[in-house]
Amino acid sequence: MQKRNTQQRRRAIIERLNLDGEVSVDLLSKSFSTSEVTIRKDLAELENNGLLLRKFGGAVLLPVESSELSSEKVSTRKIAIAKLAATLIKDHNRIIIDSGSTTSALIPELKSKLGLVVMTNSLHVANSLLEQENEPKVLMTGGSWDAQSHSFQGQMAEQMLQAYNFDQAFLGAAGLDIEKGSTTFNELTHLSRVMADVANQVIVMAESEKLQRKIPNVELPWKSISILITDDEIDLKTKNLIEQQGVEVFCASTQ
């Protein structure tokens, strides 16, 4: 393929990514007859524009959870999962709410809870909680802003979490692997593991369709997860296999 100008090449990269779901620097370099350094610059610029997510050796489609969060984009399944998750929270609990669209759906369900202490690494979650009349105590992890996950990450965030102990941690997942646990597009998984370490109960909130996603990065192994809250479209065999890993599986009704 002949060399194209920069904008044409970048449009072609996005078209290929939309078709294949993943691209590699090596193959793109050969396909466009240009250097790997140039392709990496293309991917970096496309990532800065919110069009893809870089990973080692290439890039993947931007996960849905990294898009702008709004009530219009929250599915009925996510709302059902959030309503069920909220029933596990008692007044005065100390909880962690991770960034993500499914965990964010939990916020409106907390309006009736009293005396909550909530730690989060998400500006969206923090701002939404501060607007509530029941005035939960909100703690931010701080740390380095990560554009891929739209959240704070890094050692400062980890140290902030480790200074407290929590009753529950509510985490999302880009994918679910029946054998391995929750998975993510983002290679920054350490903060989620710290969240799990400092909480007495770890609750993963994820739609059943996440079981269809093949994602390489394991975020939390099943042994670190107490409860999986999903929807009632999960099949019984899969539910039983996950429960055999020592995880309680709660299914929210979508009817």
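Since the model is a prediction, treat every value here as computed from it, not as a measurement.

Here we look at the overall build of the protein
Thinking step 1. In terms of regular secondary structure, the protein is built from nine helices and 15 strands.
Thinking step 2. By the compact-globule yardstick of 18 Å for 255 residues, the protein fits well, its C-alpha radius of gyration being 19 Å.
Thinking step 3. Burial analysis of the protein (255 residues in total) assigns 49% to the buried set.
Thinking step 4. For the protein, the share of sequence-separated contacts (at least 6 apart) that also reach a separation of at least 24 residues comes to 60%.
Thinking step 5. For the protein, the accessible surface area stands at approximately 12900 Å², while carbon and sulfur atoms represent 48% of it.
Thinking step 6. Each charge sign in the protein was given a centre, from 28 positive and 33 negative side chains, and these centres are 6 Å apart.

Concerning the side chain of Thr 183
Thinking step 1. Tracing the sequence through the fold places Thr 183 in strand S11 (residues 181-184).
Thinking step 2. If sequence neighbours within four positions are ignored, Thr 183 has contacts with Ala 173, Ala 174, Gly 175, Leu 176, Asp 177, Ile 215, Asn 217, Val 218 and Glu 219.

As for the packing of aromatic side chains
Thinking step 1. Scanning the model with the defined rule gives two aromatic pairs in all.
Thinking step 2. When the ring of Trp 145 is compared with that of Phe 152, the centres are 5.1 Å apart and the planes differ by 75°; the resulting orientation is edge-to-face.
Thinking step 3. For the pair Tyr 164 and Phe 166, a centre-to-centre distance of 6.1 Å together with 40° between the ring planes defines the contact as tilted.
Thinking step 4. In this structure Tyr 164 comes out as partly exposed when scored by relative accessible area, which is 27%.
Thinking step 5. Residue classification places Phe 166 among the buried residues on the basis of a relative accessible area of 0%.

Some remarks on the packing of helix H1 (residues 6-20) against helix H3 (residues 36-48)
Thinking step 1. Running from N to C, H1 and H3 cross one another at 70°; their axes reach a closest spacing of 11 Å. With respect to their mutual orientation, H1 and H3 come out roughly perpendicular. Here H1 contributes Thr 6, Arg 9, Arg 10, Ile 13 and Ile 14 to the contact with H3, which in turn contributes Thr 38, Ile 39, Lys 41, Asp 42, Leu 43, Glu 45 and Leu 46.
Thinking step 2. Residue composition of the contact of H1 with H3, by class: five nonpolar, two polar and five charged.

A word on the environment of Leu 241
Thinking step 1. Summarising the element assignment, Leu 241 is placed in helix H9 (residues 236-243).
Thinking step 2. Assessed through its relative accessible area of 32%, Leu 241 is described here as partly exposed.
Thinking step 3. Between the alpha carbons of Leu 241 and Ile 178 there is a distance of 7.0 Å; along the sequence they are 63 residues apart.

A closer look at the pairing of strand S9 (residues 166-171)
Thinking step 1. Of all the six residues making up S9, five are buried; the element is thus mostly covered by neighbouring parts of the structure.
Thinking step 2. Pairing between strand S4 (residues 94-97) and S9: three bridges, direction parallel. Its bridge partner lying in S9, Ile 95 is registered against Gln 168.

Quick look at helix H8 (residues 190-197)
Thinking step 1. Those residues of H8 lying buried are Leu 191, Ser 192, Val 194, Met 195 and Ala 196.
Thinking step 2. Tucked inside the fold, the buried residues of H8 contact S4, strand S8 (151-153), helix H7 (155-162), S9, strand S12 (199-205) and strand S13 (217-221).

Structural notes on the environment of Gly 58
Thinking step 1. Of note, Gly 58 is situated in strand S3 (residues 58-60).
Thinking step 2. Exposure remark for Gly 58: the relative accessible area of 3% places this residue in the buried category.
Thinking step 3. Once the C-alpha coordinates of Gly 58 and Asp 177 are considered, the two residues, 119 residues apart in sequence, prove to be 22 Å apart.
Thinking step 4. Ignoring sequence-local partners within four residues, the contact set of Gly 58 consists of Val 23, Ser 24, Val 25 and Leu 43.

A closer look at the packing of H7 against H8
Thinking step 1. As a packed pair, H7 and H8 sit with axes 9 Å apart at the nearest point and diverge in direction by 5°. By the angle between their directions, the pair H7 and H8 is classed as roughly parallel. Touching Ala 157, Glu 158, Leu 161 and Gln 162 of H7 are His 190, Leu 191, Val 194 and Met 195, all from H8.
Thinking step 2. Among the residues forming the contact of H7 with H8, the class breakdown is five nonpolar, two polar and one charged.

Overview of the environment of Asp 98
Thinking step 1. With respect to the secondary-structure elements, Asp 98 resides in the loop between S4 and helix H5 (101-104).
Thinking step 2. Of the residues examined, Asp 98 reaches a relative accessible area of 7% and is grouped as buried.
Thinking step 3. Through-space distance from the C-alpha of Asp 98 to that of Met 195 is 8.5 Å; in sequence the pair is 97 residues apart.
Thinking step 4. For Asp 98, the side chain forms a polar contact with the side chain of Asn 121, separated by 3.4 Å.

Thresholds, definitions, all that
- Residues numbered from 1 in each chain as written.
- Predicted model: local features only at pLDDT ≥ 70, side-chain atom pairs only at ≥ 80, totals over all residues.
- Heavy atoms only, no water.
- Helix = DSSP H or I, 4+ residues; strand = E, 2+ residues; numbered from the N terminus.
- Rg over C-alpha atoms; globule rule 2.2 N^0.38 Å.
- Buried < 20%, exposed > 50% of the residue type's maximum accessible area, 1.4 Å probe, protein only.
- Contact = heavy atoms within 4.5 Å.
- Areas by Shrake-Rupley, 256 points an atom, 1.4 Å probe, with all protein chains shown as cover.
- Lys, Arg positive; Asp, Glu negative; His and termini not counted.
- Charge placed at Lys NZ, Arg CZ, Asp CG, Glu CD.
- Phe/Tyr/Trp six-rings, centres within 6.5 Å; stacked < 30°, edge-to-face > 60°.
- Axes fitted to C-alpha atoms, helices over the stretch in contact; angles between N-to-C directions.
- Parallel < 35°, antiparallel > 145°, perpendicular 65-115°, else oblique.
- Nonpolar A, V, L, I, M, F, W, Y, C, P; charged D, E, K, R; others polar.
- Pairing = 2+ DSSP bridges.
- Polar contact = N/O pair within 3.5 Å; in protein donor to acceptor, adjacent residues only side chain to side chain.

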